[in-house]
Structure formats: C-alpha cells, structure tokens
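An overview of the molecular structure
Spelled out, the chains give:
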Amino acid sequence: IFSKVGPVYEHRLMMEHTGVNRGYGYVRFTNVEDAKEAIKRLNNFEIRPGRYLVVTKSVDNRRLWVNGIPKNRSGKEIRGEMERLTSGVRDIILYPSQADKSKSRGYMFVEYDSHRAAALARKKLVQGSMFLFGQEIGQVDWAEPEHEVDEETMSTVKILFVRNLMLSTTENTIRDLFNKLGNNSVERVKKAKDYAFVHFSTREDAEKALEASNPLSIDDAEVEVVWSKPVDKQTYNTRKTLTKAFTSGISSDLLTRDGAMVRGISPRRRGAAGIRGLGAPGTAPPKQLVQRYAAMTAHSSVSHGTRGGMPLPHTVTTYRPAPDILLDICQNSNWGEPNYS
C-alpha cells in the first residue's frame, strides 16, 4: 500500500511477544515529499471493510506537562530544581496567571534535549513523591503536540495571536495599538480572557506589526505575539469531544437497532503524540472511532431520554466543574482567583 506512493526506505511493525502485532507501525520513505503525500492519500484509507488506517507524521515529542508546581517561583528557579531531578532539561515554559501576572498558573512545560530524555524524566516523575521547593508536584504527562500547518498555508495567514493579556485589557486598546504597528489595517479584534486574535487586511501589514511586537507590553503586561495557526473548527471540536470520552472511557457494550455490536471505549493513555489512536493534532480522527462514539451517544440518548416510549431528539449535555465556573466568574469580574480554605 505505502510503496504505491513512493519508495519505502524502512518499515517497522510493532509486535507483541505472542507474535501478533500491536496495531501500529512506522514507515520511513526515502524523501519527505512522498511521506507527506502518503499522509494525504492513506489517512482514513479503508484497508479492510469497516477498518480505516490512521496515517500521521511520527512525533518526536520532547516536552512534558507538569502540574501542581509553586506559583510564586520563577522559571529560572524551577529550572534549577528540574535539572536536579532530571537530566537533559533544555527549557522551562511558564505562563502567568490570568489575574495576577506576578504568579504562574501552577503548571509548566519542560522541554528536553531529546525524546529519550523526556521519556526517562516522565518515567521518574510519574512515580510520585517529587518535590519542588517543599511542594509535591502533581500530575505529569506528555504535552499535547502542536498541530503542524504547512508553510504554504502559513504564508497566507493575516491573523496574529496575542497571549498573556490582562483581563482588564479591552479590544479597543488592542485595536488601537496594532493599528499603530500595522499601518491602520486592523479589520477586527477578538479577545477572550487573556488572549486575543488580531485580524489584518493584508499579510504585509500583519508582518510589520509582528516584527514590531517583540517585545511588547500592553497595560503593563509583557505579551507574546505569534502567527495564528488555522484550525478546522469541525475537526477541533470532534477531537476535543473524543479526547474527553477516551480519557474517561465508556464501559458498556451495546447492540444497535440493526443488531450490530458496538464495543465500549476503554480509557486511553496519553502517549507522546497525544491520546493514542486519535492521530496527530490538527488532523481528522479515524472514521471508525467517530462512528463508534456516535453510535454509543445516540444509543444513550434513546435509552435514557424517552417520553411515552418515543425517543427524544438526540442531545449531548456536558457539565463543567463548579470550581471552573467560579474561576470564570471571578476573572470576568476582575476579582482575581478564588481562594479556598
């Protein structure tokens, strides 16, 4: 199948000790162009009836996400502690709190020199009983890789992404500033919490504004300005829904109306490339996973949502944790983060 796209340099099929394969493998082409073409042509390719291949670029993830760190420590201080606990630390990435820029958000990203160094660090840190300045760190996992956008598409982008804004900063303030930096060509600004998207009428003016934005301070807050990566909303929302479902799992099997058996979804671990089986970030999830989830949610709406024996319209309701709702209320009202005792 893959050789039809171009010459294959190497093919590795991952195997169990029992002699059966693990359901995935690696294909290395002799040139990058053939690899890109294979992803376009063979992702979601129906290799057997009802079985679709998931073909994505292999991810060399070197970044970990670490939660539960002291909020009042600098990146330099935390880096020293992480270098003491693990080897190969290249960088520490902290994001300031939305309400108090002098503190971090209580989590960080740790960049390592290699994937192997990151994997060894994760193996050590997940065992628990690891402390930073007397505070035990919380959850440790692979960071979600950023989805890649081809250079041709990125060269046409006219939108800048601005992060680390003050909650009190208004869209008018952002618009006025970037109009000065970009020849008065800002079409619109969309701000949400501590980030915003700035739309320009031309690529040239957006480039000029970007060059003048490093560094940049808005309302006494040091902000970061980068190109906005185009996102397919339908793909993004589908991946977000499936990520939640596969993190917790759906335990029960079910029979559809036509008598077909749909297996439950067991919780899936997060691998170096994200939730296993969902494909690379930014790509459409495998068709069979979408179909399984749709069948199970549709069955749930019929089983638990009937009136007089008649099925109600299929709806999926999600509930947010109370602390998340309270945090949004406090931040939108400029009250700061809630304190619990």
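Up top is the structure.
In this text the structure is predicted, and so the values were computed from the model without any measurement.

Overview of the overall build of the chain
- Per the secondary structure count, the chain includes nine helices and 21 strands.
- Across the 341 residues in the chain, those meeting the buried criterion constitute 34%.
- The long-range fraction of contacts in the chain, counting pairs at least 24 apart against all pairs at least 6 apart in sequence, stands at 61%.
- Accessible surface, the chain: about 21,400 Å² in total, of which carbon and sulfur atoms supply 50%.

Re the sheet that holds strand 7 (residues 104-112)
- Strand order in the open sheet formed by four strands is 6-7-5-10, and the pairing between neighbours is antiparallel. The open sheet has two edge strands, strand 6 (89-96) and strand 10 (140-142), and neither has a second partner. Between one strand axis and the next, the sheet turns through 25° on average, direction left out of account.
- Looking at chain direction, strand 5 (residues 63-67) and strand 7 are connected through five bridges and run antiparallel. Following the sheet pairing, R63 is matched in strand 7 by E111.
- Along the sheet face, helix 2 (residues 75-85) touches strand 6 and strand 7 and points at about 140° away from the line of strand 6.
- Those strands touched by helix 3 (residues 115-125) are strand 5, strand 7 and strand 10, and its axis lies near 150° from that of strand 10.

So, the nonpolar core
- Ranked by internal contacts, the top residues of the largest apolar core, which has 20 residues, are M82, M108, V110, Y112, L125, L132 and I137.
- Elements represented by at least two residues in this core include exactly strand 5, helix 2, strand 6, strand 7, helix 3 and strand 10.
- Those residues in contact with L132 that lie beyond four places of it in its chain are I69, P70, I78, E81, M82, L85, M108 and I137.
- By size, the runner-up hydrophobic cluster in this structure holds 18 residues, among which are L181, V186, A209 and L210.

A short note on the pattern of salt bridges
- Per the stated rule, a full pass over the model turns up 10 salt bridges.
- In this structure, the salt-bridge partner of R79 is E83, at a minimum N-O distance of 2.9 Å. Note that R79 and E83 are positioned in helix 2 at a spacing of four residues, about one turn of the helix.
- For E81, the salt bridge identified is with R84, shortest N-O distance 2.9 Å. On the criterion of helical spacing, the pair formed by E81 and R84 is a turn pair, its members being three residues apart in helix 2.

Concerning the sheet that holds strand 12 (residues 186-192)
- Read from one edge to the other, the open sheet built from five strands follows the order 12-13-11-15-14, with strand pairing classed as antiparallel. Looking at strand neighbours, the two that pair on one side only are strand 12 and strand 14 (216-218), the edges of this open sheet. Averaged over all pairs of adjacent strands, the angle between their axes in this sheet comes to 30°, without regard to strand direction.
- Note: strand 11 (residues 159-163) against strand 13 (residues 195-200), five bridges, orientation antiparallel.

Structural notes on the environment of F133
- Looking at the element boundaries, F133 is found in the loop between strand 8 (131-132) and strand 9 (135-136).
- The sequence separation of F133 and P70 amounts to 63 residues, and the corresponding C-alpha distance is 7.5 Å.
- The contacts of F133, once residues within four sequence positions are left out, are P70, R73, E77, I78 and E81.

Description of the pairing of strand 13
- With six bridges connecting them, strand 12 and strand 13 associate as antiparallel partners. Across the sheet, the residue bridging to K191 is A196, located in strand 13.
- The turn joining strand 12 and strand 13, which pair antiparallel and follow one another in sequence, is formed by two residues; a positive phi near 55° is taken by K193.

A closer look at the packing of aromatic side chains
- Following the criterion strictly, the structure yields nine aromatic pairs and no others.
- Aromatic side chains F2 and F29 sit 6.5 Å apart centroid to centroid with 55° between the ring planes, which places their arrangement in the tilted category. Here F29 lies in strand 2 (residues 21-29) and F2 lies in the segment before strand 1 (8-15), a separation of 27 residues in the sequence.
- For F2, a relative accessible area of 21% puts it in the partly exposed group.
- Seen from their ring centres, Y95 and F109 are 6.2 Å apart, and the 80° between their planes marks the pair as edge-to-face. Of this pair, Y95 sits in strand 6 while F109 is found in strand 7, placing the two residues 14 residues apart along the sequence. Just as Y95 is buried, F109 falls in that class too.
- Taken together through their ring pairs, the aromatic side chains of W65, Y95, Y107 and F109 make up a single cluster.
- Taking NZ or CZ as reference, R73 lies 4.0 Å from the ring centre of F133, over its face.
- When the ring centre of W227 is taken as reference, the NZ or CZ atom of R203 above it lies at 3.9 Å.

Brief notes about the side chain of S185
- Locating S185 in the fold gives a position in the loop between helix 5 (171-181) and strand 12.
- If near-sequence neighbours (up to four positions away) are discounted, S185 is found in contact with N179, H199, F200, S201 and D205.

Let's talk about helix 3
- Every buried residue of helix 3 is listed here: A117, A118, A121, R122 and L125. In a view along the axis of helix 3, the buried residues occupy a sector of 135°, so they form one face of it. Residues R116 and K123 are exposed on helix 3 and point more than 90 degrees away from its buried face.

The rules behind the values
Residues numbered from 1 in each chain as written. Predicted model: local features only at pLDDT ≥ 70, side-chain atom pairs only at ≥ 80, totals over all residues. Heavy atoms only, no water. Helix = DSSP H or I, 4+ residues; strand = E, 2+ residues; numbered from the N terminus. Buried < 20%, exposed > 50% of the residue type's maximum accessible area, 1.4 Å probe, protein only. Contact = heavy atoms within 4.5 Å. Areas by Shrake-Rupley, 256 points an atom, 1.4 Å probe, with all protein chains shown as cover. Pairing = 2+ DSSP bridges. Axes fitted to C-alpha atoms, helices over the stretch in contact; angles between N-to-C directions. Core = buried A, V, L, I, M, F, W, Y, C linked by side-chain atoms within 4.5 Å. Salt bridge = Lys/Arg side-chain N within 4 Å of Asp/Glu carboxyl O. Phe/Tyr/Trp six-rings, centres within 6.5 Å; stacked < 30°, edge-to-face > 60°. Lys NZ or Arg CZ within 6 Å of the ring centre and 35° of its normal. Arc of directions from axis to C-beta.

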